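# Structural features, examined
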Amino acid sequence: MLRLCSKTRLALAGLLLLLMAASLGWPLPQPLFQQPLSRQLLDENQQLLSARIAADQQWRFALISPLSDAYKTALITYEDKRFRQHLGVDPLAIMRALYLNLKWGRVVSGGSTLTMQLARMIDGNQPRTWWQKLQELHLALRLEAQLSKAEILKYYAANAPMGGNTVGIEAAAWRYFGRRLAELSWAESALLAVLPNNPAAMHLSRGRDKLQAKRDFLLQKLWHNGVLTEQDYRLSVLEKIPQKPRAWPTYGQHLLDRLTQQSPNQAVFHTQIDRRLTQKIEFITRQHSQRLGAIGIHNLALLVVDNETLQTKAYFGNVAYRQRAEDAFHVDIASRPRSSGSTLKPFLYAAMLDNGDMTPKTLIADVPTAYGSYQPSNYDQRFRGAVSARSALIASLNIPAVRMLHSYSYQAFYRRLQTLGFNHLFRQADGYGLSLILGGAEVSLTDLTAAYANLSRRAQTAAALRVTPLRYGMASPEQVTSTPPYPFSQGAAWLTLNTLSDVTRPGLHKMHRLFSGSARVAWKTGTSYGLRDGWAVGTTANVTVGVWVGNANGEGRQLLTGTHAAAPILFDTLNIIDKLDWPEPPSGALKSIQVCRENGFLPKYGCPRTSVLIPQGAQFEKVSPHHFQVAVDQDSGLRSSIGCHPHGRIISQTFFQLPPSQAAYYRLAHADYRPVPDFDPRCTPDRRALRGNFEITYPRSGQVISVPRYLSGERGEVIFRATAKQASAPLFWHLDKRYLGTTRTFHEWSEVLAPGEHWLRVVDQQGVWQQIRFTVVP
């Protein structure tokens, strides 16, 4: 070893001090490294979920974990044992390298400290020359003068070559061991300490034995230095070095791409995603993707959200049946707008409860309905006459929903949806009209899942709340306070969830059996027009799961419904969630009122009564329009009057009677339906009491009818329809003051009409008439 006299050592030390002093005022490059970083998506425990390679095709991670003591000790022991004492340059190492290089006539030893190696990395690993060596020495002195030892180690570890296109210890820990830096063993830390000395050895089979020998030599040195016990050393050398790099995890890749678009200057995204839950759900989505792919449904998306924080716990933006371009597997469908189907009905229900427009038991008409040229229909093409608002939501009936929206106002509901965070409504309210409630709206799975999570959160919170958007990590206070106040009361939110927990839509009883847990779940399905989108959303007190299925290209499929395609995925996901709570009834947010048992309106006359819960602040003031108090002869049971039977036994009774258009369908499912009895034929009835005997059901007053032409060029017919209390009673039809004819039992009449405005009048045998105006367009 080269020996230096004391005078030479003093001269070198003095020279270093002069260079150090001169370097203090010379600023370091900012930033030290210009190379792009890879993108990282981390879970709630800082575990890697997904990564995207840097723009220069290197896996270079930002160093987010503190360097472990094991790695720092191994690195310093192997590369620079006097790192803690020198000022960036080790004079003894320099002189030794100078001697060897002069001896061999070429650069065989650099004598570089860790600081000098860092300087070389900053300069871009230029070719080794004497001039380059002096530049590195100068930069090393500046680094030591302006950075702490800990910072120097951090920069070195983050940018050291680790084999192939892997750069830095953070990327290497995941690439070779699939773990965070803090979780590495002594053997793994030692391997990463020696690897930058010959990074190519990690990928060359002939160099791997040398690499392991270097690692084992370092472990032996650590044992001899008293850092490792003999047992730790013996166990460490038994560990094999990796055979090949590991595949990067791919959880939440669509979320990573989305967050990168939103924050292009950010390299690391910290989320609250639950990795273990995500792994379980991945198995579920792959199973169902195969099931759906076999019937031509190629894409699905799924979210799990914590209701208390609105943090995303699992994010599957697009699970494609095959990795084909036509399946758009790279597209984040979870954040893209799709047709809403029936998924918005619960929010109209909550709005109308708060508004005092109805109670859960209020009857809503379910009969052939038309508003202008818009004619909604139920999913089963049936009519029920009248159903309670609660039953209509449970069965997801379309006609009652449209009637409710017409009563509430689609403009007001449109504003409610905007407040709730549905940000993809690109048209004005008039552009949607009444179709807003039946799939006319554009919603994303992210917005829809957040809306249901907020509904559950509101049901559990009496204090004022703001609408909380879906979160993917830390949210600033400004993001929360800038959102609008939540539009529904706690009582309305809880009543809506309570209704959704009793969903028994035909065909879905099988889904209940799939859900093995005993916990209550409020859930809703939806299917878009043309069978292009299937939705299923379920929420409890603590978690909300949202599922979408369909084809990225918008193609419809026969079985692409929320019931058959999406609901099984929802229940399989709920099955693996450990704890599902249910919101307690908020007694202070609800009040009980008395309503008529048959129709849910405020009592009138002597209607049988029952109690119903409504929001505390709601003012429901609608008196029953379906109950009538009439005089009845006890002997015949017919309607009468004292004047007609002065000596008869006349009593006053209250009857529940629906309009004829509703009663015709209602009585089919209600065998106990008993409307107002007919008049005794010996009595002359008051004609005003007969106005409920029949009703024109099609067209409706003001309706616009589009009449197609046949292939022959002839105009099609318009079919008029009416419903009578007594089907066999004759009805007389008049069109534009022209008598058409008479119908019995089946009250329909067809007519070819010219374009323009028309008047239809129908008269019964008592002379009671009803008249409507409508318009025919070509």
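Look up: the structure comes first, before these words.
What comes next is a walk through the structure.

Reading the values: rules and limits
Residues numbered from 1 in each chain as written. Predicted model: local features only at pLDDT ≥ 70, side-chain atom pairs only at ≥ 80, totals over all residues. Heavy atoms only, no water. Helix = DSSP H or I, 4+ residues; strand = E, 2+ residues; numbered from the N terminus. Contact = heavy atoms within 4.5 Å. Areas by Shrake-Rupley, 256 points an atom, 1.4 Å probe, with all protein chains shown as cover. Disulfide = S-S within 2.5 Å. Pairing = 2+ DSSP bridges. Axes fitted to C-alpha atoms, helices over the stretch in contact; angles between N-to-C directions. Phe/Tyr/Trp six-rings, centres within 6.5 Å; stacked < 30°, edge-to-face > 60°. Buried < 20%, exposed > 50% of the residue type's maximum accessible area, 1.4 Å probe, protein only. Lys NZ or Arg CZ within 6 Å of the ring centre and 35° of its normal. Expected span 1.5 Å × (residues − 1). Left-handed = near helix turned anticlockwise from the far one by under 90°. Nonpolar A, V, L, I, M, F, W, Y, C, P; charged D, E, K, R; others polar. Polar contact = N/O pair within 3.5 Å; in protein donor to acceptor, adjacent residues only side chain to side chain. Salt bridge = Lys/Arg side-chain N within 4 Å of Asp/Glu carboxyl O. 1 Å grid on protein atoms, 1.4 Å probe; cavity = no way out; pocket = protein on both sides within 12 Å on 5 of 7 lines; lining within 4 Å. Points joined across faces, edges and corners; volume = space filled by probe spheres on them. Core = buried A, V, L, I, M, F, W, Y, C linked by side-chain atoms within 4.5 Å.

Quick look at the overall build of the protein now. Across its full length, the protein holds 23 helices and 26 strands. Taking the intrachain contacts of the protein between residues at least 6 apart in sequence as the baseline, contacts between residues at least 24 apart amount to 65%. When the accessible surface of the protein is summed, it comes to about 36,300 Å², and 52% of that surface belongs to carbon and sulfur atoms.

Taken as a whole and judged by the stated rule, the model has one disulfide. The side chain of Cys596 participates in a disulfide bridge whose partner is Cys607; the two sulfur atoms lie 2.1 Å from each other. Taking the sign of the S-S torsion, about -80 degrees here, the bridge from Cys596 to Cys607 comes out left-handed. One end of the pair, Cys596, is in strand E15 (residues 590-596); the other, Cys607, is in the loop between E15 and strand E16 (609-615), and 11 residues separate them in sequence.

As summarised here, the arrangement of the five strands in space is E7-E6-E14-E13-E12, forming an open sheet in which the pairing is antiparallel. Since the sheet does not close on itself, it has two edges, and those belong to strand E7 (312-320) and strand E12 (522-527), each with one partner. The sheet shows a mean angle of 5 degrees between the axes of neighbouring strands, direction not considered. Sheet topology places strand E6 (residues 299-306) next to E7; six bridges connect them, and they run antiparallel. Each bridged residue has a counterpart across the sheet, and for Leu300 the counterpart in E7 is Val319.

To continue, consider the packing of aromatic side chains. For the structure on display, the rule yields 16 aromatic pairs. Measuring from centroid to centroid gives 5.7 Å for Tyr486 and Phe488, while their planes differ by 90 degrees, and the two rings are edge-to-face. For the pair Tyr486 and Phe488, one class covers both residues: buried. Where Trp523 meets Phe571, the ring centres are 4.8 Å apart and the plane angle is 80 degrees; that geometry is what we call edge-to-face. With Trp523 in strand E12 and Phe571 in helix H22 (residues 562-575), this pair connects stretches of sequence that are 48 residues apart. Looking at Trp523, the relative accessible area reads 1%, which means it is buried. Judged by relative accessible area, Phe571 falls into the buried class, the value being 1%. Three or more aromatic residues joined by ring pairs form one cluster here, namely Trp59, Phe61 and Trp248. The ring of Phe83 has Lys149 sitting right over it, with the charged end atom 4.4 Å from the ring centre. Over the aromatic face of Tyr698 sits the side chain of Arg721, whose NZ or CZ is 5.8 Å from the ring centroid.

What follows concerns the environment of Leu731. By secondary structure assignment, the location of Leu731 is in strand E22 (residues 731-735). For the pair formed by Leu731 and Val768, sequence separation is 37 residues and the distance between their alpha carbons is 10.0 Å. In this structure, Leu731 is in contact with Phe694, Ala722, Ala724, Gly741, Thr742, Thr743, His747, Val762, Val763 and Asp764, ignoring residues within four places of it in sequence.

Moving on, we come to helix H18 (residues 445-459). If you check H18, its first and last C-alpha atoms are 21 Å apart, about what 15 residues at 1.5 Å a residue would give, namely 21 Å. When you tally the buried positions in H18, you get 15 out of 15 residues, the bulk of the element.

Our focus in this paragraph is the packing of H18 against helix H20 (residues 490-500). Across the interface, H18 lies against H20 with an axial gap of 7 Å and an inter-helix angle of 115 degrees. The element H18 and its partner H20 pack so that their crossing is left-handed. Between H18, through Tyr452, Leu455, Ser456, Arg458 and Ala459, and H20, the contact on the second element is made entirely by Gln490, Ala493, Trp494, Thr496, Leu497 and Leu500. Among the residues making up the contact of H18 with H20, the classes are represented as seven nonpolar, three polar and one charged.

Our focus in this paragraph is the side chain of Asn454. Tracing the chain through its elements places Asn454 in helix H18. Taking the relative accessible area as the measure of exposure, Asn454 reaches 2% and is therefore buried. Side-chain polar atoms of Asn454 contact the backbone oxygen of Thr468, separated by 2.8 Å. The contact partners of Asn454, leaving out residues within four places of it in the chain, are Leu310, Arg466, Val467, Thr468 and Tyr486.

Turning our attention to the pattern of salt bridges. Scanning all chains against the criterion turns up 22 salt bridges. The salt bridge partner of Glu44 is Lys313, with a shortest N-O separation of 2.9 Å. Residue Glu44 is found in the loop between strand E1 (39-42) and strand E2 (48-52), and its partner Lys313 is found in strand E7; the two are separated by 269 residues along the sequence. For Glu44, a relative accessible area of 28% puts it in the partly exposed group. Note on Lys313: relative accessible area 16%, which makes it buried. A salt bridge links Lys72 to Asp69, with the shortest nitrogen-to-oxygen separation between them at 3.7 Å. Of the two residues, Lys72 and Asp69 are both situated in helix H2 (residues 69-79); the distance of three residues between them amounts to about one turn of the helix. Overall, the relative accessible area of 24% leaves Lys72 in the partly exposed class.

Another point: helix H16 (residues 410-419). For H16, the full list of buried residues reads Ala412, Phe413, Tyr414 and Leu417. Turning to H16, the residues buried within the fold contact helix H13 (345-355), helix H15 (398-408) and helix H17 (429-432). Positive phi appears at Gly421, one or two residues downstream of H16, with a value of about 100 degrees.

So, on to empty space enclosed by the protein. All told, the structure shown has five cavities of 30 Å³ or more when counted by the stated rule. Roughly 70 Å³ of volume is contained in the largest cavity. Surrounding the largest cavity, Lys345, Leu348, Tyr349, Ala389, Ala392, Leu393, Leu397, Ala401, Met404 and Ile437 form its lining. Mapped by element, the contributors of at least two residues to the lining of the largest cavity are H13, helix H14 (389-394) and H15. Considered class by class, the residues forming the lining of the largest cavity number nine nonpolar, no polar and one charged.

Right, let's get into the environment of Ala200. On the secondary structure map, Ala200 appears in the loop between helix H8 (186-194) and helix H9 (208-224). The class of Ala200 is partly exposed, set by a relative accessible area of 40%. Through-space distance from the C-alpha of Ala200 to that of Gly163 is 5.2 Å; in sequence the pair is 37 residues apart.

Attention now moves to the pairing of E22. Of the two faces of E22, only the one carrying Leu731, Trp733 and Leu735 is buried; Phe732 and His734 on the other face are not. Of the pairings in the sheet, the one linking E22 to strand E23 (residues 738-743) comprises five bridges and is antiparallel in character. For Leu735, the partnering residue across the bridge sits in E23 and is Arg738. The turn linking E22 back onto E23 is made up of two residues, and Asp736 within it adopts a positive phi angle of 50 degrees. In the sheet, E22 pairs with strand E25 (residues 756-764) via five bridges, with the strands oriented antiparallel. The residue of E25 that forms the bridge with Trp733 is Val762.

Okay, the nonpolar core next. Counting residues in hydrophobic clusters, the biggest one holds 102 residues, and the most contacted among them are Val304, Leu344, Phe347, Phe413, Phe422 and Val549. For this core, the element with the most residues is H18, which contributes eight residues.

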